[in-house]
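Listed below, chain by chain, are the residues.
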Amino acid sequence: MPTNAHHRVLSMGSNPESRHPKHKRSRNWGRTFLVLVLAGGLIGGGLYAATNFIGLNESTVRERCSAVVAGQKFSLNPEQSANAALIASVAIKRGLNERAAQIGIATAMQESKLTNIDYGDNAGPDSRGLFQQRPTMGWGTEAEVMDPIYAANRFFQELETFDYASMPLTDAAQKVQRSAYPLAYAKHEELAKAFATPLTGNADSALNCTLRPTDIAGSPKTTAGTLKAATGIKDTTIEGSRLKVSVNGKQGWAVAQWAVANASALDIEAVGYAGLVWNRSQGLWAPASTTDGQVVIQLATS
């Protein structure tokens, strides 16, 4: 019977049988006793070392999500990656393109390191959230700008008022933000493109996360609600610990890579779509018997 999420998604896998070697009796009991004691010590020490090495390996894994653009790899931590996915999803929901998502991600990277922070700086002590929006400057209440979905929508509401597509990224970001450092956004342009491209569905299986194992059960219902809030997608089906999302084409890849970017926060074990599956235990995309038209999100089970 399948025992992990990768096997559950692919309906593959088997449990190997264990084999125990036979031992011959020795006539020399004293020598046998000594050999057994030494062997027991070596085996026990080996198991202890192996167990502790594996444990150390898992505990020291540097959790990262990576994306590639023009052969160059860029990385974010899982929290940053999830926020980048949210910004891209809000852009798509508003009917905007990859360029808008790129500008949004670059702006939030400069303003907050893509972290939903609850403090400002000397230039804007009341600045809050992903985009460091200021309640005193008409961006909304403090509670509103601390809501990442509200903050992203508010950013794009301003971006939509001018022809951002014809402008350099840093100029478009500055026109919205009115920052004291107008050229600062440019340094995040390539990273933002690397993540905006897969998160808007314009690159297949280009976003990957390396994560530690989780022993916390994920919730398909919570995942469906989080997806709906960010993207507006309602056509989902829960089957046990799986969430199935009826989407295809670019939208399918946007959802699949949104799920990978949120795998840490939502305790997702595997994501399958269009002949591929991302598996938490391996940390990569691999060929699988999955189809276009439906993203399958496998949640961790306790």
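Preceding this section is the structure that the text describes.
Notes on the structure follow.

About the thresholds
- In this numbering scheme, every chain counts its residues from 1 along its sequence in written order.
- Local features are withheld for residues below a pLDDT of 70 in this predicted model, meaning they are given only at 70 or higher, and side-chain atom pairs are given and counted only at 80 or more; totals for whole chains, interfaces and linings count all residues.
- To get the side-chain values, take all heavy atoms of the structure and skip hydrogens and water.
- The way it works is that DSSP assigns letters per residue, a run of H or I at least four long becomes a helix, a run of E at least two long becomes a strand, and they are numbered from the N terminus.
- What qualifies as a polar contact is a pair of N or O atoms within 3.5 Å, subject to a donor-acceptor requirement within protein and to the restriction that residues adjacent in sequence count only when both atoms come from side chains.
- Contacts are residue-level and defined by heavy atoms, with any inter-residue pair within 4.5 Å sufficient.
- Using protein atoms alone on a 1 Å grid, points that fit a 1.4 Å probe yet trap it form a cavity, whereas open point sets bounded by protein on both sides within 12 Å along at least five of seven lines form a pocket; residues with an atom within 4 Å of a point count as lining.
- Grid points are joined across faces, edges and corners, and a volume is the space filled by probe spheres set on the points.
- Gly is put with the polar residues, along with every residue not named as nonpolar or charged; the nonpolar set is Ala, Val, Leu, Ile, Met, Phe, Trp, Tyr, Cys and Pro, and the charged set is Asp, Glu, Lys and Arg.
- Accessibility here uses a 1.4 Å probe with only protein chains present; expressed as a share of the type maximum, an area under 20% marks a residue as buried, one over 50% as exposed, and anything in between as partly exposed.
- Strand pairing is assigned whenever DSSP detects at least two bridges linking the two strands.
- All axes are obtained by fitting lines to C-alpha atoms, using only the stretch in contact for helices, and the reported angles, taken between N-to-C directions, cover 0 to 180 degrees.

1. Digging into the side chain of S127
Link 1 in the chain: When you line up the elements, S127 lands in the loop between α4 (98-112) and α5 (142-145).
Link 2 in the chain: Polar side-chain contacts of S127 include one of 2.9 Å to the backbone oxygen of G124.
Link 3 in the chain: Not counting the four nearest positions on each side in its chain, S127 is found in contact with Y119, G120, Q132, Q133 and R134.

2. Let's talk about the side chain of S112
Link 1 in the chain: Considering the arrangement of structural elements, one finds S112 in helix α4.
Link 2 in the chain: Of note is the side chain of S112, whose polar atom sits 2.7 Å from the backbone oxygen of L130.
Link 3 in the chain: Discounting chain neighbours no more than four positions away, the residues touching S112 are I117, G129 and L130.

3. Here's the deal with the layout of surface pockets
Link 1 in the chain: Computed from the structure, the largest pocket encloses a volume of approximately 510 Å³.
Link 2 in the chain: Along the walls of the largest pocket sit 22 residues, with E111, D121, S127, Q132 and S179 positioned nearest its centre.
Link 3 in the chain: For the lining of the largest pocket, the class distribution of residues is ten nonpolar, eight polar and four charged.

4. Notes on the pairing of strand β3 (residues 207-210)
Link 1 in the chain: Side-chain alternation along β3 places L207 and C209 on a buried face and N208 and T210 on a face that remains uncovered.
Link 2 in the chain: Two strands pair when backbone bridges link them, and strand β1 (residues 64-69) and β3 are joined in this way by four bridges, in the antiparallel orientation. Bridging across to β3, S66 finds its partner in N208.

5. Quick word on the sheet that holds β3
Link 1 in the chain: The strand order β2-β1-β3 describes an open sheet built from three strands, whose pairing is antiparallel. Strands with a single pairing partner mark the edges of an open sheet, and in this sheet they are β2 (72-76) and β3. Neighbouring strand axes in the sheet, compared pairwise and without regard to direction, differ in orientation by 25° on average.
Link 2 in the chain: Of the strand pairs in this sheet, β1 and β2 are connected by five bridges, and their pairing is antiparallel. Bridge assignment links C65 to a residue of β2, and that residue is L76.

Purely geometric numbers; function is a separate question.
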